[in-house]
Structures are given as structure tokens and as C-alpha cells.
Amino acid sequence: MSSESKKKRVQFRAPRGLVDRADALAAVFETDRTDILISALRDYLRNAAHSDEVKQEIAEAFYDDDITFEELKDLVGHEEAANFRLLKEQLTDEFVDEVAEELADS
């Protein structure tokens, strides 16, 4: 079973007008509010992952150990996540110290 097909119940409060609009759109498409919200969330996450500004925020969260590599990969894709992981490894204290020493000696 893929992670996409596993379900997790969520509950949140949203502005009434926003929910009413989702319900109206659900009626147009003869579906339910949940399908509309899932579709909107998927689109938002897909678009956010292509924004350079959002990618930078995601990378910073990874560098600060706020998210795992798996979470990073889910957000930006495997290739980009691998690049961020490589950069994180290069930015270790040891690496930064070596570069600082080189700059001080030059």
C-alpha cells in the first residue's frame, strides 16, 4: 500500500466562506468536500515545491534538522533532496572551519 493510499483523519477549523465555496464546487463536480480539499492541498503542495523561495525554506528546515531526509524527499523530490543532503554534509562545522582557516591564511 503506497503512502498516498493510506488515510489519516485530520480535523481543522476554516473560515465559513471558504468551506461554503468548497461545498459549492463539490456540488458542481458531484463529489464531496473532502475530494475538493484533497485536490486543493495536492495542488498547493505541488506548486509550493516549485517555488524557489519555498524550496529555500524547506532546505533550511532540513539543514536545521527540523525535517528528516525522507520528509525533504517527499517535498522536493529525490534528486533535489540528494543535492540538499550533499550540501548539508559539506556545510558541517569541520568543513566551515577548514574554509575559514584557508581564508585566514590567504
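Treat the numbers as computed from the prediction; the structure is a model and nothing was measured. (Residues numbered from 1 in each chain as written. Predicted model: local features only at pLDDT ≥ 70, side-chain atom pairs only at ≥ 80, totals over all residues. Heavy atoms only, no water.)

Participant: Give a detailed account of the nonpolar core, specifying residues and quantitative values.
Facilitator: Inside soluble globular proteins, nonpolar side chains tend to come together where they are buried. Judged by nonpolar contacts, I58, A59, A61, F62, I67, F69, L72, V76, A81 and F84 together constitute the single largest core of ten residues. Where this core is concerned, the elements lending two or more residues are α3 (52-63), α4 (69-76) and α5 (78-90). At four residues, α3 tops the list of elements feeding residues into this core. When sequence neighbours within four positions are dropped, the list of residues in contact with V76 reads K55, I58, A81 and F84. (Core = buried A, V, L, I, M, F, W, Y, C linked by side-chain atoms within 4.5 Å. Buried < 20%, exposed > 50% of the residue type's maximum accessible area, 1.4 Å probe, protein only. Helix = DSSP H or I, 4+ residues; strand = E, 2+ residues; numbered from the N terminus. Contact = heavy atoms within 4.5 Å.)

Participant: Quick rundown of a negative patch on the surface? Include the residues and the values.
Facilitator: A grouping of E94, D97, E98, E101, E102 and D105 is seen on the molecular surface, where their side chains present a negatively charged patch. Within the element layout of this structure, E102 appears in helix α6 (residues 93-105). With relative accessibility at 54%, the residue E102 sits in the exposed group. (Patch = residues over 30% accessible without salt bridge, like charges linked within 9 Å, V, L, I, M, F, W, Y side chains within 5 Å. Areas by Shrake-Rupley, 256 points an atom, 1.4 Å probe, with all protein chains shown as cover. Salt bridge = Lys/Arg side-chain N within 4 Å of Asp/Glu carboxyl O. Lys, Arg positive; Asp, Glu negative; His and termini not counted. Charge placed at Lys NZ, Arg CZ, Asp CG, Glu CD.)

Participant: Could you give an account of a nonpolar patch on the surface, with specific residues and numbers?
Facilitator: A cluster of nonpolar residues, L87, L91, F95, V96, V99 and L103, forms a patch on the protein surface that exposes about 490 Å² of accessible area. Considering each element in turn, the nonpolar patch owes the most residues, four residues, to α6. Inspection of the secondary structure puts F95 in helix α6. Of the residues examined, F95 reaches a relative accessible area of 36% and is grouped as partly exposed.

Participant: Which residues make up the pattern of salt bridges, and what values do they have?
Facilitator: Under the definition given, this model contains five salt bridges. Of the charged contacts in the structure, one is a salt bridge between D43 and R46, with a shortest N-O distance of 3.0 Å. Of this pair, D43 and R46 both sit in helix α2 (residues 33-48), three residues apart, which is roughly one turn of the helix. Since its relative accessible area comes to 44%, R46 is described here as partly exposed.

Participant: Describe in detail the packing of aromatic side chains, supporting the description with residues and values.
Facilitator: Across all of its chains, the model carries three aromatic pairs by this definition. Judged by centre distance (6.2 Å) and plane angle (50°), the ring pair of F62 and Y63 falls under tilted. On the accessibility criterion, Y63 (22% relative accessible area) is partly exposed. Judged by centre distance (6.3 Å) and plane angle (85°), the ring pair of Y63 and F84 falls under edge-to-face. Placement of Y63 in helix α3 and of F84 in helix α5 is noted, with a sequence separation of 21 residues between them. With a relative accessible area of 13%, F84 lands in the buried category. An aromatic cluster of at least three residues, connected via ring pairs, comprises F62, Y63, F69 and F84. Against the face of F69 rests R85, its NZ or CZ located 3.8 Å from the ring centre. Taking NZ or CZ as reference, K88 lies 4.4 Å from the ring centre of F62, over its face. (Phe/Tyr/Trp six-rings, centres within 6.5 Å; stacked < 30°, edge-to-face > 60°. Lys NZ or Arg CZ within 6 Å of the ring centre and 35° of its normal.)

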